[in-house]
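Each chain, letter by letter, is given below.
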Amino acid sequence: MKYSYEINPRPAELGGGWRLRMLEDGEEMGGGVFPVAQDDPQAGMTWWNACTEPERAHWLDVAKSAVAADAYHAYLLAEAYADAEATAYEWLDSRE
């Protein structure tokens, strides 16, 4: 059997983030939804203040913006993707 997965973006009106599909021979066997956490200005400020200058520059570049809130959203989006991918890897590891 061939196992794989897909991670696709979700529409913003559904909460954004990612949709995971776990596939066996091309047929969906499970999955999940990994939305981006709702923007919390205080959490964003705390995150930004904890970042080093290189980290700030990185996330601003990822966000393609000079706005700290956009950098935080890019970070949250990357975290949601990493969670989806970790779930997919756990599923793949359980199949072999």
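Look a little higher up for the structure.
Residues numbered from 1 in each chain as written. Predicted model: local features only at pLDDT ≥ 70, side-chain atom pairs only at ≥ 80, totals over all residues. Heavy atoms only, no water.

K.L.:
Looking at this structure, I do not really get the overall build of the protein chain. What am I missing?
P.N.:
From N to C terminus, the protein chain includes three helices and three strands. Written out in order from the N terminus, the α and β elements of the protein chain read β-β-β-α-α-α. Rg of the C-alpha trace for the protein chain: 16 Å, well past the compact-globule value of 12 Å for 96 residues, more than 25% over. For the protein chain, buried positions account for 27% of its 96 residues. Contacts in the protein chain between residues far apart in sequence, at least 24 positions, make up 36% of those at least 6 positions apart. Summed over all atoms, the accessible surface of the protein chain reaches about 6,300 Å², with 54% contributed by carbon and sulfur. Between the centroid of the 7 positive side chains of the protein chain and the centroid of its 18 negative side chains there is a distance of 5 Å. (Helix = DSSP H or I, 4+ residues; strand = E, 2+ residues; numbered from the N terminus. Rg over C-alpha atoms; globule rule 2.2 N^0.38 Å. Buried < 20%, exposed > 50% of the residue type's maximum accessible area, 1.4 Å probe, protein only. Contact = heavy atoms within 4.5 Å. Areas by Shrake-Rupley, 256 points an atom, 1.4 Å probe, with all protein chains shown as cover. Lys, Arg positive; Asp, Glu negative; His and termini not counted. Charge placed at Lys NZ, Arg CZ, Asp CG, Glu CD.)

K.L.:
Even after reading the chapter, I still don't get the pattern of salt bridges, so can you show me in this structure?
P.N.:
When the charged atoms of two side chains lie near each other, side chains of opposite charge can form a pair. By the definition in use, this model includes four salt bridges. A salt bridge links Glu-6 to Arg-21, with the nearest nitrogen and oxygen atoms 2.8 Å apart. Of the two residues, Glu-6 sits in strand 1 (residues 3–9) while Arg-21 sits in strand 2 (residues 18–24), which places them 15 residues apart along the sequence. Taken together, the salt bridges that share partners define one network made up of Glu-6, Arg-19, Arg-21 and Glu-28. (Salt bridge = Lys/Arg side-chain N within 4 Å of Asp/Glu carboxyl O.)

K.L.:
So what exactly am I meant to see when it comes to the sheet that holds strand 1 here?
P.N.:
Sheets are built from strands that pair by backbone hydrogen bonding, the pairs being arranged parallel or antiparallel. The three strands are arranged 1-2-3 in an open sheet whose pairing can be described as antiparallel. Strands at the two margins of the open sheet, each flanked by one partner only, are strand 1 and strand 3 (27–34). Going from strand to strand, the sheet's axes swing by 20° on average, the running direction of each strand aside. With seven bridges connecting them, strand 2 and strand 3 associate as antiparallel partners. Looking across to strand 3, one finds that Arg-21 is bridged to Gly-31. Packed on one face of the sheet, helix 3 (residues 68–95) meets strand 1, strand 2 and strand 3 and runs near 165° to strand 1. (Pairing = 2+ DSSP bridges. Axes fitted to C-alpha atoms, helices over the stretch in contact; angles between N-to-C directions.)

K.L.:
Teacher, can you tell me more about the nonpolar core here?
P.N.:
Within soluble globular proteins, side chains that are nonpolar generally end up buried alongside one another. Among the nonpolar cores identified, the biggest contains 10 residues, and these are Ile-7, Trp-18, Leu-20, Met-22, Phe-34, Ala-80, Ala-84, Ala-88, Trp-91 and Leu-92. At the level of secondary structure, the elements contributing two or more residues to this core comprise strand 2 and helix 3. A total of five residues in this core trace back to one element, the largest contributor, which is helix 3. Setting aside anything within four residues of it in sequence, one finds Trp-18 in contact with Ile-7, Asn-8, Pro-9, Arg-10, Gly-32, Val-33, Phe-34, Leu-77, Ala-80 and Tyr-81. The next biggest cluster of nonpolar side chains, apart from the first, holds nine residues, and it includes Val-36, Trp-48, Trp-59 and Tyr-72. (Core = buried A, V, L, I, M, F, W, Y, C linked by side-chain atoms within 4.5 Å.)

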